[in-house]
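Below are the chains, spelled out letter by letter.
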Amino acid sequence: MNQSAFVTLVLPFKDKVFRLAKRLLVSTEEAQDATQEVMVKLWTKNEVLEQYNSVEALAMTMTKNYCLDQLKSKRAGNLKIVHTNFTDRTPSLQQQLEDTDSLSWVEKIINQLPEQQKLIVQMRDVEQYEFEEIAKILGMNETAIRVALSRARKTIRDFMTKTHQYGTV
């Protein structure tokens, strides 16, 4: 495969690779390194990439595995998962403060979820992957993905309901 074919096949989802890496590694620099590492690995496989049904699913699986390896390594032992893909449409200052506070609570809740649920929430609710794609990437069946996502959302919803009804948890 030539360079232009590689660019056409891989670059459309490079941002998704970065966002997943950022979700897992928190640090922008670590996420950039992870993205670059995955892109280099894909480039070294460029002769066989067209054989894969979904190069994007392969890239996301490679990203997940690379990031989890980094999280396990000594140099990245203190990293944590954080949700940072929130963008605001500049509403009123009061609304901005409320949104920031809610996002902070959601981040805290997501950080307390089991690792698998964190990944599923990121891939489904942030990256908008289909259940079939998530199942391929994580090596799980779709029913298990749906159950884990449902449990994660329920945890987030219950916690947020308590927070808004009682002020603090």
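Throughout, residues of each chain are indexed from 1 in the direction in which the sequence is written. Only residues with pLDDT of at least 70 get local features here, since the model is predicted, and only at 80 or more are side-chain atom pairs given and counted; chain-wide, interface and lining totals rely on the full set of residues. Side-chain metrics rest on all non-hydrogen atoms present in the structure, leaving aside hydrogens and water.

A. Broad picture of the overall build of the protein chain. Per the secondary structure count, the protein chain includes eight helices and zero strands. Strands here mean DSSP runs of E at least two residues long; helices mean DSSP runs of H or I at least four residues long; both are numbered from the N terminus. Helices (α) and strands (β) of the protein chain occur, in sequence order from the N terminus, as α-α-α-α-α-α-α-α. The rule is simple: take the accessible area with a 1.4 Å probe, protein chains only, and divide by the maximum for that residue type; under 20% is buried, over 50% is exposed, in between is partly exposed. Evaluated residue by residue, the protein chain yields a buried proportion of 40% over its 169 residues. By definition, residues are in contact when any of their heavy atoms lie within 4.5 Å. Across the protein chain, contacts joining residues at least 24 apart in sequence account for 65% of those joining residues at least 6 apart. Only the protein chains shown count as covering a residue, and every accessible area follows the Shrake-Rupley method with a 1.4 Å probe. If you sum the accessible surface of the protein chain, you get close to 10000 Å²; carbon and sulfur atoms cover 49% of it.

B. Up close: the nonpolar core. For our purposes a nonpolar core is just a set of buried Ala, Val, Leu, Ile, Met, Phe, Trp, Tyr and Cys residues, chained together by side-chain atoms within 4.5 Å. L42, I120, L138 and I145 are the most contacted members of the largest nonpolar core, which has 44 residues in total. For this core, the secondary structure elements donating two or more residues are α2 (14-25), α3 (28-44), α4 (55-72), α5 (93-112), α6 (115-126), α7 (131-138) and α8 (142-166). The element that contributes the greatest number of residues to this core is α4, accounting for 10 residues. In this view, L138 contacts K64, L119, I120, M123 and I145; residues no more than four positions away in its chain are not counted.

C. Highlighting the side chain of E127. Looking at where E127 falls in the secondary structure, it is placed in the loop between α6 and α7. Judged by relative accessible area, which is 4%, E127 ranks as buried. For E127, the side chain forms a polar contact with the side chain of R19, separated by 3.0 Å. Under the rule applied, a polar contact is a pair of N or O atoms within 3.5 Å (in protein, one hydrogen donor and one hydrogen acceptor; residues adjacent in sequence only if both atoms are side-chain atoms).

D. Local environment of the pattern of salt bridges. Here, a salt bridge means any side-chain nitrogen of Lys or Arg that lies within 4 Å of a carboxyl oxygen of Asp or Glu. As enumerated under the stated definition, the model contains seven salt bridges in all. A salt bridge links R19 to E127; the shortest N-O distance between them is 3.0 Å. Placement of the pair is R19 in helix α2 and E127 in the loop between α6 and α7, with a sequence separation of 108 residues. On the accessibility criterion, R19 (29% relative accessible area) is partly exposed. Between E142 and R146 there is a salt bridge whose closest N-O contact spans 3.9 Å. With E142 and R146 both in helix α8 and four residues apart, this pair spans about one turn of that helix.

E. Expanded view of α2. The end-to-end C-alpha separation of α2 is 16 Å, in line with the 16 Å expected for 12 residues at 1.5 Å each. Of the residues making up α2, those classed as buried are V17, L20, A21, K22, R23, L24 and L25. Following α2 by one or two positions, V26 adopts a phi angle in the positive range, close to 70 degrees. Take the number of residues in a helix, subtract one, and multiply by 1.5 Å to get its expected span.

F. Representation of the packing of α2 against α6 in the model. One can describe the packing of α2 onto α6 by two numbers: an axis separation of 11 Å at closest approach and a directional angle of 145 degrees. Considering how the two elements wind past one another, α2 and α6 form a crossing that is right-handed. In this structure, α2 uses R19, L20, R23 and L24 to contact α6, whose residues at the interface are E115, L119, Q122, M123 and V126. Class assignment of the residues belonging to the contact of α2 with α6 gives a composition of five nonpolar, one polar and three charged. Here the axes come from fitting lines to C-alpha atoms, over the contacting stretch only for helices, and the angles between their N-to-C directions go from 0 to 180 degrees. Handedness of a helix crossing follows the sense of rotation of the near helix relative to the far helix, less than a right angle counterclockwise being left-handed and clockwise being right-handed. Under this grouping Gly is polar, as are all residues other than the nonpolar Ala, Val, Leu, Ile, Met, Phe, Trp, Tyr, Cys and Pro and the charged Asp, Glu, Lys and Arg.

G. Representation of α4. With 18 residues, α4 should cover 26 Å at 1.5 Å per step; its first-to-last C-alpha distance of 26 Å lies within 8% of that length. Burial within α4 is extensive, with 14 of its 18 residues counted as buried.

H. Looking closely at the confidence of the model for the protein chain. Of all residues in the protein chain, 81% have pLDDT values of 70 or greater, and the mean over the chain is 79. Per-residue pLDDT, averaged within each element of the protein chain, yields its smallest value for helix α1 (residues 3-10) (67) and its largest for α7 (91). Each residue gets a pLDDT score, which is the predictor's confidence in that residue and runs from 0 to 100.

I. Representation of unusual backbone geometry in the model. The phi dihedral of V26 is positive, around 70 degrees, even though this residue is not glycine. Turning to its location among the elements, V26 is positioned in the loop between α2 and α3. With a phi close to 65 degrees, Q128 is a non-glycine residue in the positive phi region. In this fold, Q128 is placed in the loop between α6 and α7.

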